[in-house]
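Chains, contacts and geometry: an overview
The primary structure of each chain is shown beneath.
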Amino acid sequence: MNNIQQTLSIIKPDAVERNLSEEIKNEFKNNNFDILKEKKVKISKSEAEKFYQVHQTKPFYNDLCEYLSSGPIVVMILERNEAVTENRKLMGATDPTKAEEGTLRKKFGISIDKNSVHGSDSLENAKKEIDFFFKD
Ligand code: UDP
Ligand code: MG
(Lines give C-alpha, C1' and ligand atoms only; values in the text may rest on other atoms or scores of the structure.)
(Ligands and ions follow the chains in the order given, each with its own letter.)
Protein backbone atom coordinates (compact mmCIF):
# COMPACT_ATOMS: atom_id res chain seq x y z
CA MET A 1 0.00 0.00 0.00
CA ASN A 2 1.19 3.44 -0.86
CA ASN A 3 1.38 6.13 1.76
CA ILE A 4 2.70 9.19 -0.04
CA GLN A 5 3.93 11.80 2.44
CA GLN A 6 5.84 15.05 2.41
CA THR A 7 8.61 15.85 4.84
CA LEU A 8 10.97 18.74 5.44
CA SER A 9 14.68 18.35 4.84
CA ILE A 10 17.41 20.87 5.55
CA ILE A 11 20.95 20.77 4.27
CA LYS A 12 22.72 22.40 7.21
CA PRO A 13 25.43 25.10 7.06
CA ASP A 14 28.36 22.67 7.36
CA ALA A 15 27.28 20.81 4.21
CA VAL A 16 26.30 23.90 2.20
CA GLU A 17 29.67 25.43 3.07
CA ARG A 18 31.49 22.34 1.76
CA ASN A 19 29.49 22.50 -1.50
CA LEU A 20 27.73 19.20 -0.81
CA SER A 21 24.22 20.40 -1.68
CA GLU A 22 24.08 18.87 -5.17
CA GLU A 23 25.52 15.56 -3.97
CA ILE A 24 23.02 15.39 -1.12
CA LYS A 25 20.11 16.31 -3.40
CA ASN A 26 21.18 13.47 -5.71
CA GLU A 27 21.11 11.08 -2.75
CA PHE A 28 17.46 12.03 -2.20
CA LYS A 29 16.60 11.63 -5.88
CA ASN A 30 18.41 8.26 -6.05
CA ASN A 31 16.34 7.13 -3.08
CA ASN A 32 13.04 7.89 -4.83
CA PHE A 33 12.37 11.24 -3.20
CA ASP A 34 10.90 13.99 -5.35
CA ILE A 35 12.10 17.45 -4.39
CA LEU A 36 8.83 19.40 -4.66
CA LYS A 37 10.22 22.75 -3.53
CA GLU A 38 13.61 23.99 -2.49
CA LYS A 39 15.23 27.24 -1.53
CA LYS A 40 18.53 28.45 -0.18
CA VAL A 41 18.08 30.82 2.76
CA LYS A 42 19.97 32.24 5.70
CA ILE A 43 17.81 32.46 8.80
CA SER A 44 18.23 34.67 11.85
CA LYS A 45 18.97 33.31 15.29
CA SER A 46 15.43 34.12 16.46
CA GLU A 47 13.99 32.19 13.50
CA ALA A 48 16.23 29.23 14.40
CA GLU A 49 14.99 29.47 17.99
CA LYS A 50 11.42 29.26 16.74
CA PHE A 51 12.19 26.34 14.42
CA TYR A 52 13.92 24.35 17.18
CA GLN A 53 11.48 25.40 19.94
CA VAL A 54 10.93 21.75 21.00
CA HIS A 55 14.56 21.69 22.12
CA GLN A 56 14.43 24.89 24.16
CA THR A 57 15.15 23.17 27.48
CA LYS A 58 18.09 21.16 26.12
CA PRO A 59 21.66 22.13 27.02
CA PHE A 60 22.61 22.30 23.33
CA TYR A 61 19.71 24.63 22.34
CA ASN A 62 21.66 27.89 22.21
CA ASP A 63 24.59 26.44 20.24
CA LEU A 64 22.17 24.66 17.93
CA CYS A 65 20.32 27.88 17.10
CA GLU A 66 23.58 29.81 16.67
CA TYR A 67 24.74 27.09 14.32
CA LEU A 68 21.62 26.81 12.14
CA SER A 69 21.69 30.59 11.66
CA SER A 70 25.45 30.75 11.02
CA GLY A 71 25.32 30.37 7.24
CA PRO A 72 23.15 29.50 4.25
CA ILE A 73 20.99 26.37 4.39
CA VAL A 74 19.00 24.58 1.70
CA VAL A 75 15.43 23.71 2.72
CA MET A 76 13.39 21.23 0.72
CA ILE A 77 10.00 19.57 0.66
CA LEU A 78 10.61 15.90 -0.08
CA GLU A 79 7.88 13.55 -1.25
CA ARG A 80 7.74 9.77 -1.55
CA ASN A 81 6.06 6.73 -0.06
CA GLU A 82 6.58 6.87 3.75
CA ALA A 83 8.71 10.00 3.32
CA VAL A 84 9.09 10.80 7.03
CA THR A 85 10.46 7.40 8.07
CA GLU A 86 12.40 6.81 4.86
CA ASN A 87 14.14 10.18 5.19
CA ARG A 88 15.08 9.47 8.81
CA LYS A 89 16.51 6.10 7.67
CA LEU A 90 18.51 7.71 4.88
CA MET A 91 19.84 10.39 7.26
CA GLY A 92 21.05 7.94 9.92
CA ALA A 93 21.66 8.51 13.62
CA THR A 94 22.03 12.05 15.01
CA ASP A 95 25.67 11.36 15.91
CA PRO A 96 27.57 10.63 12.66
CA THR A 97 29.96 8.32 14.54
CA LYS A 98 26.94 6.15 15.38
CA ALA A 99 25.23 6.42 11.99
CA GLU A 100 24.94 3.31 9.84
CA GLU A 101 27.09 2.80 6.70
CA GLY A 102 25.58 4.42 3.64
CA THR A 103 23.57 7.02 5.55
CA LEU A 104 23.93 10.74 4.83
CA ARG A 105 25.23 11.57 8.28
CA LYS A 106 27.80 8.75 8.09
CA LYS A 107 28.93 9.97 4.67
CA PHE A 108 28.87 13.72 5.24
CA GLY A 109 28.47 14.52 8.95
CA ILE A 110 31.38 16.03 10.87
CA SER A 111 30.08 15.81 14.45
CA ILE A 112 26.85 15.52 16.45
CA ASP A 113 26.17 19.23 15.97
CA LYS A 114 27.51 19.54 12.41
CA ASN A 115 25.62 16.53 11.12
CA SER A 116 24.81 17.93 7.67
CA VAL A 117 21.06 17.28 7.45
CA HIS A 118 17.81 17.81 9.31
CA GLY A 119 14.66 15.76 8.73
CA SER A 120 11.21 15.98 10.32
CA ASP A 121 10.66 13.27 12.93
CA SER A 122 6.89 12.79 12.52
CA LEU A 123 4.16 13.56 10.00
CA GLU A 124 2.74 16.19 12.35
CA ASN A 125 6.10 17.94 12.69
CA ALA A 126 6.69 17.63 8.94
CA LYS A 127 3.53 19.65 8.33
CA LYS A 128 4.56 22.29 10.86
CA GLU A 129 8.11 22.51 9.50
CA ILE A 130 6.95 22.72 5.86
CA ASP A 131 4.62 25.56 6.88
CA PHE A 132 7.43 27.27 8.76
CA PHE A 133 9.56 27.57 5.63
CA PHE A 134 7.08 27.52 2.76
CA LYS A 135 3.85 29.16 3.93
CA ASP A 136 3.48 32.31 1.88
N1 UDP B 1 22.30 18.17 18.73
C2 UDP B 1 23.47 18.56 19.34
N3 UDP B 1 23.89 17.90 20.46
C4 UDP B 1 23.21 16.85 20.98
C5 UDP B 1 22.01 16.46 20.36
C6 UDP B 1 21.58 17.12 19.23
O7 UDP B 1 24.12 19.49 18.88
O8 UDP B 1 23.64 16.28 21.99
C9 UDP B 1 21.83 18.89 17.53
C10 UDP B 1 22.05 18.09 16.27
O11 UDP B 1 22.45 18.99 15.24
C12 UDP B 1 20.68 17.52 15.98
C13 UDP B 1 19.77 18.64 16.49
O14 UDP B 1 20.44 19.13 17.64
O15 UDP B 1 20.52 17.25 14.61
C16 UDP B 1 18.38 18.22 16.87
O17 UDP B 1 18.46 17.15 17.80
P18 UDP B 1 17.52 15.87 17.66
O19 UDP B 1 17.66 15.10 18.91
O20 UDP B 1 16.17 16.31 17.24
O21 UDP B 1 18.25 15.04 16.49
P22 UDP B 1 17.79 14.76 14.98
O23 UDP B 1 16.29 14.70 14.96
O24 UDP B 1 18.33 15.91 14.16
O25 UDP B 1 18.45 13.46 14.63
MG1 MG C 1 14.86 16.01 15.67
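A brief look at the structure comes next. Predicted model only: the values in this text are computed from it and were never measured. (Residues numbered from 1 in each chain as written. Chains lettered and ligands numbered in written order. Predicted model: local features only at pLDDT ≥ 70, side-chain atom pairs only at ≥ 80, totals over all residues. Heavy atoms only, no water.)

Examining the sheet that holds strand β1 (residues 4-11)
The strand order across the open sheet built from 4 strands is β2-β3-β1-β4, with neighbouring strands paired in antiparallel fashion. Edge strands, defined here as strands with exactly one partner in the open sheet, are β2 (34-41) and β4 (117-119). Shown here is a sheet whose adjacent strand axes are inclined to one another by a mean of 20°, direction ignored. In this sheet, β4 lies alongside β1 in antiparallel orientation, the contact comprising 3 bridges. From the neighbouring strand, serine 9 faces β4, where its bridge partner is glycine 119. (Pairing = 2+ DSSP bridges. Helix = DSSP H or I, 4+ residues; strand = E, 2+ residues; numbered from the N terminus. Axes fitted to C-alpha atoms, helices over the stretch in contact; angles between N-to-C directions.)

So, the pairing of β1
When you tally the buried positions in β1, you get 6 out of 8 residues, the bulk of the element. Summarising the sheet, β1 and strand β3 (residues 73-81) pair through 8 bridges and their orientation is antiparallel. Bridge pairing in β3 places leucine 8 opposite isoleucine 77. (Buried < 20%, exposed > 50% of the residue type's maximum accessible area, 1.4 Å probe, protein only.)

A word on the site of ligand 1
Around ligand 1, the neighbouring residues are Lys12, His55, Phe60, Leu64, Arg88, Thr94, Arg105, Ile112, Asp113 and Asn115. Within the contact set of ligand 1, an oxygen atom lies 2.5 Å away from a side-chain nitrogen or oxygen of threonine 94. With respect to ligand 1, the backbone of aspartate 113 contributes an N or O atom lying 3.3 Å from an oxygen atom. Of the residues belonging to the shell around ligand 1, the class tally is 3 nonpolar, 3 polar and 4 charged. (Near = heavy atom within 4 Å. Polar contact = N/O pair within 3.5 Å; in protein donor to acceptor, adjacent residues only side chain to side chain. Nonpolar A, V, L, I, M, F, W, Y, C, P; charged D, E, K, R; others polar.)

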